[in-house]
Amino acid sequence: PSSTDLNCPKLELTHDEGGQVVSARGDGAGRMRRGVLGSDKVEFSAKWQQGFDLQQVADSEMDLLTLVGGAVLQQPARETGLKAEQIQLWFDRPTSDAASGRIEANNVGATVAVNDTMPRSVPDLANRGFRPRQLLAEDTVVVVSPQMNAETKRFIVNFDDASPAP
């Protein structure tokens, strides 16, 4: 099992009738870390200076995560990192079976605004059901990985489900 920690000064979540998070927004500097439950091992982390936004993409089965202001994504186990002023990630919306993650709002001064339903889960970005489709990083982009180190103004990655040919 794994756990997601989310820290942000102001956090607003919107839930559907079943208690599933359908959108999330955070104002101010914050971070998200995804790791193995009961361990300090970090699988995925994100940081931002201005805010983040998670929305469903209209007329599709995708969600869009946007990180704004000094945004940083890291996957320590893969030795990869990405830094930019803004990072957007489109991914297939997790099914209710895949969205079994747990969220902890650890910032004592956090303001949480939600509707009247009880939250059950937040889209689990590290679950097997997570399928990224496209990543767009803009403004002062730095990419670090075992395969490539790069600096650019704009960086686009399109993810393909097909396995590469041998």
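Analysis parameters
- Residues numbered from 1 in each chain as written.
- Predicted model: local features only at pLDDT ≥ 70, side-chain atom pairs only at ≥ 80, totals over all residues.
- Heavy atoms only, no water.
- Pairing = 2+ DSSP bridges.
- Helix = DSSP H or I, 4+ residues; strand = E, 2+ residues; numbered from the N terminus.
- Salt bridge = Lys/Arg side-chain N within 4 Å of Asp/Glu carboxyl O.
- Buried < 20%, exposed > 50% of the residue type's maximum accessible area, 1.4 Å probe, protein only.
- Phe/Tyr/Trp six-rings, centres within 6.5 Å; stacked < 30°, edge-to-face > 60°.
- Core = buried A, V, L, I, M, F, W, Y, C linked by side-chain atoms within 4.5 Å.
- Contact = heavy atoms within 4.5 Å.

Peer 1: What should I look at first to understand the pairing of strand β7 (residues 62-75) in this one?
Peer 2: Successive residues of a regular strand alternate their side chains across the two faces of the sheet. Taken together, the three bridges between strand β5 (residues 42-48) and β7 define a ladder with antiparallel strand orientation. Bridge pairing in β7 places A46 opposite L73. Direction of pairing for strand β6 (residues 51-56) relative to β7: antiparallel, over a ladder of six bridges. Opposite F52, over in β7, you have L67 as the bridge partner. Bridging between β7 and strand β8 (residues 80-92) involves twelve bridges; their strand directions are antiparallel. Looking at β8, one finds that V68 is bridged to Q86. If you look at the hairpin formed by β7 and β8, you'll find four residues sitting between the two strands, and E79 has a positive phi there, around 55°.

Peer 1: Whenever I open this one, the pattern of salt bridges confuses me. Can you help?
Peer 2: Where charged atoms of side chains with opposite charge meet at close range, the side chains can pair. Taken as a whole, this structure holds three salt bridges when the rule is applied. D92 is the salt-bridge partner of R133, the closest N and O atoms lying 2.6 Å from each other. Separated by 41 residues along the polypeptide, R133 in strand β11 (residues 131-144) and D92 in strand β8 bring together distant segments of the chain. Among the residues examined, R133 registers a relative accessible area of 24% and is labelled partly exposed. Taking the shortest distance from any N to any O, the salt bridge between R154 and E138 comes out at 3.2 Å. Remark: E138 occurs in strand β11 and R154 occurs in strand β12 (residues 149-158); sequence separation between them is 16 residues. Taking relative accessible area as the criterion, R154 reaches 47% and is therefore assigned partly exposed. What makes E138 partly exposed here is its relative accessible area of 24%.

Peer 1: What exactly am I supposed to notice about the packing of aromatic side chains here?
Peer 2: Aromatic rings in a pair are described by how distant their centres are and how their planes are angled relative to each other. The tally for this structure, following the rule as stated, stands at one aromatic pair. Taken together, a centroid distance of 5.1 Å and an interplanar angle of 55° make the contact between W48 and F52 tilted. Exposure class is identical for W48 and F52. Each is buried.

Peer 1: How should I be thinking about the pairing of β5 in this particular structure?
Peer 2: Taken across its seven residues, β5 has five buried, putting it largely inside the fold. Pairing between strand β4 (residues 30-36) and β5: six bridges, direction antiparallel. Across the sheet, the residue bridging to G35 is V42, located in β5. Connecting the antiparallel pair β4 and β5 is a turn made up of five residues, with G38 showing a positive phi of about 80°.

Peer 1: When you look at the nonpolar core in this model, what are you seeing that I'm missing?
Peer 2: The tendency in soluble globular proteins is for nonpolar side chains to be buried side by side. In terms of nonpolar packing, the biggest core is built from 25 residues, with F52 and L82 touching the most fellow members. For this core, the elements supplying multiple residues, two or more each, are β2 (10-15), β5, β6, β7, β8 and β11. The element that contributes the greatest number of residues to this core is β8, accounting for five residues. Excluding its chain neighbours within four sequence positions, the residues that come into contact with F52 are L6, C8, L11, A24, R25, G26, L65, T66 and L67.

Peer 1: I would appreciate a short explanation of the environment of S23 in the present structure.
Peer 2: Note that S23 resides in strand β3 (residues 21-27). For S23 and L65, which are 42 residues apart along the polypeptide, the C-alpha to C-alpha distance reads 9.6 Å. Here S23 is in contact with E12, L13, T14, L54 and Q55, once residues within four sequence places are set aside.

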